[in-house]
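Here is what each chain is made of, one letter per residue.
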Amino acid sequence: MELLFHQAIQNPSKIAIKVQEKSFTYSQLIQNAKSVAALLLNGKADLNEARVAFMINPGFDYVAVQWGIWMAGGVAVPLCITYPFPSIQYVIEDTQAELIVTAKEYEELLKVYSEDPTKRFIRFSDDSLEEMQGDLPSISYERGAMILYTSGTTSLPKGVLTTHGTIEAQIRTLIKAWKWTAQDHTICLLPLHHVHGIINVVSCALWAGATVEFVHPFDARTVFETILSGQVTVFMAVPTIYFKLISYFESESDLRKTAITESLNKLRLMVSGSAALPVSVMEKWKEISGHYLLERYGMTEIGMAISNPYNGERKAGYIGQPLADVEVRLVDENNQEVKKGEPGEIQVKGPSVFKEYWGKNEATQKAFTSDGWFMTGDIAVIEDGYFRILGRDSVDIIKSGGYKISALEIEEVLRKHPEIQDCGVVGIPDEEWGELVAAALISAQDLESKELNTWLRERMPAYKTPRRYLFLNELPRNAMGKVVKNELKKLFIETPQ
Ligand code: MCA
Ligand code: AMP
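Given the structure is predicted, the values throughout are model-derived calculations rather than measurements. (Residues numbered from 1 in each chain as written. Chains lettered and ligands numbered in written order. Predicted model: local features only at pLDDT ≥ 70, side-chain atom pairs only at ≥ 80, totals over all residues. Heavy atoms only, no water.)

> Explain the overall build of the chain to me, using residue names and the numbers behind them.
Counting secondary structure elements, the chain contains 14 helices and 25 strands. Relative to the globule expectation of 23 Å for 497 residues, the C-alpha radius of gyration of the chain, 23 Å, shows essentially globular dimensions. Summarising its shape, the C-alpha atoms of the chain cover approximately 65 × 55 × 50 Å along the three principal directions. Counting only residues that meet the buried cut, the chain has 57% of its 497 residues in that class. Of the contacts made within the chain by residues no fewer than 6 positions apart, 65% connect residues no fewer than 24 positions apart. Accessible surface for the chain amounts to roughly 21,600 Å². Of this, 49% is attributable to carbon and sulfur atoms. Put simply, the chain has 51 plus and 64 minus side-chain charges, and the middle of one group is 2 Å from the middle of the other. (Helix = DSSP H or I, 4+ residues; strand = E, 2+ residues; numbered from the N terminus. Rg over C-alpha atoms; globule rule 2.2 N^0.38 Å. Buried < 20%, exposed > 50% of the residue type's maximum accessible area, 1.4 Å probe, protein only. Contact = heavy atoms within 4.5 Å. Areas by Shrake-Rupley, 256 points an atom, 1.4 Å probe, with all protein chains shown as cover. Lys, Arg positive; Asp, Glu negative; His and termini not counted. Charge placed at Lys NZ, Arg CZ, Asp CG, Glu CD.)

Here's what the structure looks like:
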C-alpha cells in the first residue's frame, strides 16, 4: 500500500478529509498514520500480519488508524460500529485479533478485552497520539492487509482476507475506470466495514489525492446540504440510499428542488452498486439530477468486476462490462462457458480477487474452480455486450439496503429463542430495501414482534433483524423434509400485512 501513502505525500497541504466543520490535510493524515503505526509497533520492527481490530467512527481517526495498521504490517479488521457485542465478539475471536483499538464511545462495549492478558487494548484518541517517528517495515504485495466479514451460504459469516496487492489492484482498476483525480471531492456516507465504503469511496479518493467528506450517519437532508455547498464531484451509494434521497427530494419546496437539481447537475459522476438498481429509481434520479447513474457490480471477495462505462451508454437494468484487468466468464453447472446469449454463473479471475477465507481452507477451496476462477454464485446473461444479473444460485442469501444477509444465520439465532420451535427465513422483494428479511415461525404462542426484535437486536445487527413475521403451524417442506423457501416467499407475498 506504499503507493497509496506516496500519492498522499505528494499533496501535503491539500485537504484529505472533512468531517463537519473540521478539515484535515494529507500531511496531518500521514503524520497521524505514522504515529499510529509506531504506537502499534511499540518497539517491534513489524506486526507481521497480526490482526488489529478497530472500532472507530467514520472520519479522520478511522483512516489514520487503518493506514497506521497497514504501515506497521498488521491486518486491519474494521469492526461495525452498530453491531451488538455478540457480533463483535465473533469477529474478534474468529480473527484472533491480538490488538484492539477503540474510540472512547466503544470502550464500554469492548471492556472485557481490556482485561484480557492475551490482547493489547488501546484506547484511541488523537490527543494522546504523540508525534512518533520510527522505522516502518517494508511490506510486500502478497502480505495480508485486511479482513472483512461477509455472510454467505453458511450460517456463520466468513472473513475475507485481502492482501496489499489485492487492495491496490482493486483501487487502480477503479481510478482508471472512473477517472478519479486530485480535483475530486466525494461524500462518504457508507459504513466502513465493507468494500463499497472502504475501497470505492475512501481509498480511491485518497489514492487520487482528492477530498473525502464524511456524512455520518446517513441522513438525506445533510447529504443535500453538502451537495448544495458546491464542492462535491463524485457520489456513490447503494440503491436504497437513492430511494431515500428521492423521497426526501419530493418533500422539498419547489425552490429547494430547483437549487438541489442545479447542484446535482454539476457533479461529474454518480454511481450505484451493492444491489440491483431498480429501473424506476434510475429514471427518477435522471429527472432529478440529470445523471444516468453508473451501475456496477462487485463483491467483497473480488472488489469491483463489472461496470457500465464512464463514457458511453449506461443501460438501465444492466451492470455493464468487465473492468480492465478483471477476467470474467459465464459458465454452466459443469464450469463450461455458456453459449452466447445463455445465462450462466459469473466467475472472476485476476489480481483484485481475495486470497482466502480466514481460517476456512475448505470454504476457500470450494469457492474456486480447479483452474482458479472465483465462483460468485450470481447468475447473469450478456445481451448486446452488457451483463444483466438474473439472480443468485442460493435462496438463502438476502440483499437488504445493500447489506448481504444470510437467512441461515438468522434462523440459527431465532432457534435459540425459548418459544420458537422452528423457523424459515427468506428475502421478499421491496422497493426501498431491495429485499426485506421475513421470518416464518412455529412457536407455542404468537410472539409480539416488538419483543422479539428487542431480543434479536441484542444478538444480531439491526439491519439483519426480520421486518416481517408470519406464524405458521408448519413450514412448507419437500419430500426430503427440506423447507421450500420459494413457497415460503409466496406465502409472505400473498399474506396481507
Ligand atoms: C436498517 N434498517 C433496515 C435495514 N437497515 N431495514 C431493512 N433492511 C435493512 N438493511 C432499519 C433499521 O433497523 C431502522 O428500523 C430503520 O431502518 C432506520 O435505520 P437506520 O440504521 O437509521 O437506517 P439508515 O441509516 O436509513 O440506513 C439505511 C442505509 C444503510 C444507509 C441504506 O442500510 C446502509 O448504510 N447500507 C449500505 C450497506 C453497504 O455499504 N453495503 C455494501 C456492502 P427501526 O426504526 O425499526 O429501528 S459491500 C458490497 O456489497 C459489494 C462489495 C459491492 O458491490 O459494493
Ligand atoms: P457482498 O458480499 O456484500 O459484497 O455483496 C456482493 C453481492 O451483491 C453480489 O454477489 C451480488 O449478488 C450483489 N450485487 C452487487 N452489485 C450488484 C448490482 N449492481 N446488481 C445486482 N446485484 C449486485
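> I'd like to hear about the site of ligand 1, residue by residue, with values.
The local shell around ligand 1 holds 26 residues, among which Ser-274, Arg-296, Lys-399, Ser-400 and Gly-401 are the closest. Taking Arg-296, its side chain carries an N or O atom lying 2.7 Å from an oxygen atom of ligand 1. Within the side chain of Ser-400, an N or O atom sits 2.8 Å from a nitrogen atom of ligand 1. In isolation ligand 1 offers 1,100 Å² of accessible surface; the protein chains occlude 75% of this area. Of all the elements in the fold, those that place two or more residues in the shell around ligand 1 are α6 (195-208), α8 (239-250), β13 (294-299) and β21 (397-400). Residues that form the shell around ligand 1 fall into these classes: 12 nonpolar, 9 polar and 5 charged. (Near = heavy atom within 4 Å. Polar contact = N/O pair within 3.5 Å; in protein donor to acceptor, adjacent residues only side chain to side chain. Nonpolar A, V, L, I, M, F, W, Y, C, P; charged D, E, K, R; others polar.)

> So, the site of ligand 2: which residues are in play, and what are the values?
Within the structure, ligand 2 sits among 15 residues, and Glu-295, Arg-296, Thr-300, Asp-378 and Lys-404 are positioned closest to it. At 3.3 Å, a backbone N or O of Ser-274 approaches a nitrogen atom of ligand 2. At 2.9 Å from an oxygen atom of ligand 2 is found a side-chain nitrogen or oxygen belonging to Lys-399. The biggest single contributor to the shell around ligand 2 is β13, with 5 residues. By residue class, the composition of the shell around ligand 2 is 5 nonpolar, 4 polar and 6 charged.

> Any chance you could break down the sheet that holds strand β16 (residues 327-331) for me, citing the residues and the numbers?
Taken in spatial order, the 4 strands line up as β16-β17-β19-β20 in an open sheet, and their pairing is antiparallel. In this open sheet, the two strands that pair with only one neighbour each are β16 and β20 (386-392). Taking the axes of each pair of neighbouring strands and ignoring which way they run, one obtains an average angle of 45° across the sheet. Of the pairings in the sheet, the one linking strand β17 (residues 344-349) to strand β19 (residues 374-383) comprises 4 bridges and is antiparallel in character. Pairing of Gln-347 across the sheet is with Met-375, part of β19. (Pairing = 2+ DSSP bridges. Axes fitted to C-alpha atoms, helices over the stretch in contact; angles between N-to-C directions.)

> Let's hear about helix α12 (residues 407-414): which residues, and what values?
Because the α-helix completes a turn every 3.6 residues, residues three or four places apart line up on one side. Most of α12 sits inside the fold, with 6 of its 8 residues counted as buried. For α12, the full list of buried residues reads Ala-407, Glu-409, Ile-410, Glu-411, Val-413 and Leu-414. Looking at the packing, one finds that the buried side of α12 touches β21, β22 (403-406), β23 (420-430), β24 (434-443), α13 (449-457) and α14 (485-494). The N-capping residue of α12, defined by a side-chain oxygen 3.2 Å from the backbone nitrogen of Leu-408, is Ser-406.

> Tell me about the packing of aromatic side chains, residues and numbers included.
Summed over the entire model, instances satisfying the criterion amount to 16 aromatic pairs. Between Phe-24 and Phe-60, the aromatic rings sit 4.1 Å apart at their centres with planes inclined by 5°, giving stacked as the arrangement. With Phe-24 in strand β2 (residues 22-25) and Phe-60 in helix α3 (residues 60-72), this residue pair connects regions lying 36 residues apart in the sequence. Neither Phe-24 nor Phe-60 differs from the other in exposure class; each is buried. Look at Phe-354 and Phe-368: their rings are 5.6 Å apart centre to centre, the planes differ by 25°, and that puts the pair in the stacked class. Taken together, the positions of Phe-354 in the loop between β17 and β18 (356-357) and Phe-368 in the loop between α11 (361-367) and β19 put the pair 14 residues apart, joining distant regions of the chain. We classify Phe-354 as buried; its relative accessible area is 4%. Through a chain of ring-to-ring contacts, three or more aromatic side chains come together here, namely Phe-354, Tyr-357, Phe-368 and Phe-374. (Phe/Tyr/Trp six-rings, centres within 6.5 Å; stacked < 30°, edge-to-face > 60°.)

> Which residues make up the side chain of Gln-170, and what values go with them?
Here Gln-170 shows up in helix α5 (residues 164-178). Classification of Gln-170 as buried rests on a relative accessible area of 4%. Those residues within four positions of Gln-170 in sequence are excluded, and the remaining contacts are Thr-162, Ile-199, Ile-302, Gly-303 and Ser-352.

> Can you break down the environment of Met-304 residue by residue, with the values?
With respect to the helices, strands and loops of the structure, Met-304 is situated in strand β14 (residues 303-307). Residues Met-304 and Leu-39, 265 residues apart in the sequence, show an inter-C-alpha distance of 33 Å. Setting aside anything within four residues of it in sequence, one finds Met-304 in contact with Leu-174, Trp-178, Val-195, Asn-200, Arg-296, Tyr-297, Gly-298, Met-299, Leu-323 and Val-326.

> Give me the environment of Thr-82: which residues, what numbers.
Mapped onto the secondary structure, Thr-82 falls in the loop between β4 (75-78) and α4 (85-95). On the basis of relative accessibility, which here comes to 53%, the residue Thr-82 falls in the exposed class. Residues Thr-82 and Phe-374 lie 292 residues apart in sequence; the distance between their C-alpha atoms is 30 Å.

> How would you sum up the packing of helix α9 (residues 254-265) against helix α10 (residues 279-289)? Please name residues and give values.
In helix packing, the relevant descriptors are the interaxial angle and the interaxial distance, both defined with respect to the helix axes. It is the contact of α9 with α10, at a shortest axis distance of 8 Å, that shows an interaxial angle of 100°. Judged on the interaxial angle alone, α10 and α9 are roughly perpendicular. Taken together, the residues of α10 that come into contact with α9 (itself represented by Thr-261, Leu-264 and Asn-265) are Trp-285, Ile-288 and Ser-289. Its residues placed into classes, the contact of α9 with α10 shows 3 nonpolar, 3 polar and no charged. (Parallel < 35°, antiparallel > 145°, perpendicular 65-115°, else oblique.)

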